[in-house]
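Fold and contact review
Listed below, chain by chain, are the residues.
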Amino acid sequence: MQTSDNARRELESLIEFYTESGVDCFIGEEAVDSFVLSEELLRQQQAMRSAAQSGAFSPPSSKGPADLGRPVASASFERPQPLAQGAGAQRQNPLTAPVAGGSFADAVMPDKEAVASAREAAREAKSLDELKDCLLRFNGCNLRLTAKNLVFADGNPNARVMLIGEAPGRDEDLQGKPFVGRSGQLLDKMLGAIGLDRSSVYIANVVPWRPPGNRTPTPQETEICKPFIRRQIELAQPDVLVFLGAASAKSLLDVQDGIRRLRGRWMTFEAGERSIECLATYHPAYLLRNPIEKRLSWRDFLSLRQKISTLGQI
Ligand code: URA
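Presented here is a report on the structure given in the accompanying data block. Since we're looking at a predicted model, the values are computed, not measured.

Here we look at helix 4 (residues 128-137)
For helix 4, every residue scored as buried is listed here: L128, L131, C134 and L135. Seen from one end, helix 4 has its buried residues packed into an arc of 120 degrees, which puts them on one side. Buried positions along helix 4 lie against helix 3 (112-124), helix 5 (143-146), strand 3 (201-205) and helix 8 (219-236).

Printed below as a string of structure tokens:
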């Protein structure tokens, strides 16, 4: 009895430790060595590409926006089919072929080709609804395997102000909406302070799926998602863009400067045929950890309000 109580307490404290460390999902019974997995995926990719070059693959049937009747692209837009047996197995998209390890069967290795096919698919979307649909079918980013929901956008798609964060957290993943957790509540207060709310702004993230345990998205994950957020900006056509935090500003402006240098200055973002005035500011999550910096954010928000007033009524 004593032993089972101890075991139970140990288990509870382990779970508590995991929860406090940000772990809230288990993705397999056994630990997966992602380095080995990556090497295995690369090896498969290369082997299947050479097979494709030597004529062993046929192009997939023309279905989705990514397909476009071209030969096999790196990122597919349909849920991968189960492994076909026999000769049919050769017809699989090389980058969605099952991998040893069960739950990672759908994993893909994003490479330059995958980014190019994501760019092409994003360009094909003619409306925000089409873009969302395209992302719902896109399996070129492994984050979708662990996320519960796609977190596409919130607010008013016709708003003149668009805010862009880094990636959803737990609450956003559960609700499928950006900035609904603690940092979202702070963001709402900051917007309210300059007379804005979710009906007068449009909000999205660079990466629309939650990274497990709220880790930072990898550079590959960010690269594969960038064509979609760029297209989302083009389609929403805001007059003003606000990058929330370093990750969002650096990835979309393609700069290396830190947020301290970037914040508070008006810059220009090239979105297709339009140039959009943009401003970087601290991420609300950073402000929750460093409340002293709210002073500078307040200046940025005042500058945003000033900019909006020069543009006329929202
Ligand atoms: N942080 C982000 O960058 N985006 C969200 O949607 C929530 C928290």
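And the narrative resumes.
Topic: the sheet that holds strand 2 (residues 161-165)
Strands sit in the order 1-3-2-4-6-5 across an open sheet of six strands; the sheet is mixed. Only two strands of the sheet have a single neighbouring strand rather than two, namely strand 1 (154-155) and strand 5 (266-271). Relative to strand 6 (residues 274-281), strand 4 (residues 240-244) runs parallel, the two being bridged by five bridges. Counterpart to V240 in the pairing with strand 6 is E277. Along the sheet, helix 8 makes contact with strand 2, strand 3, strand 4, strand 5 and strand 6, crossing strand 2 at roughly 170 degrees.

Quick word on the packing of aromatic side chains
Applying the stated rule across the entire model yields three aromatic pairs. Between the aromatic rings of F138 and F228, the centroid separation amounts to 4.8 Å while the plane-to-plane angle is 55 degrees, which identifies the pairing as tilted. With F138 in the loop between helix 4 and helix 5 and F228 in helix 8, the pair connects residues that are 90 residues apart, well separated along the chain. A relative accessible area of 0% places F138 in the buried class. On the accessibility criterion, F228 (2% relative accessible area) is buried. Above the plane of the ring of W266 lies K307, whose end atom (NZ or CZ) is 4.8 Å from the centre.

What counts and what doesn't
Residues numbered from 1 in each chain as written. Predicted model: local features only at pLDDT ≥ 70, side-chain atom pairs only at ≥ 80, totals over all residues. Heavy atoms only, no water. Buried < 20%, exposed > 50% of the residue type's maximum accessible area, 1.4 Å probe, protein only. Helix = DSSP H or I, 4+ residues; strand = E, 2+ residues; numbered from the N terminus. Arc of directions from axis to C-beta. Contact = heavy atoms within 4.5 Å. Pairing = 2+ DSSP bridges. Axes fitted to C-alpha atoms, helices over the stretch in contact; angles between N-to-C directions. Phe/Tyr/Trp six-rings, centres within 6.5 Å; stacked < 30°, edge-to-face > 60°. Lys NZ or Arg CZ within 6 Å of the ring centre and 35° of its normal.

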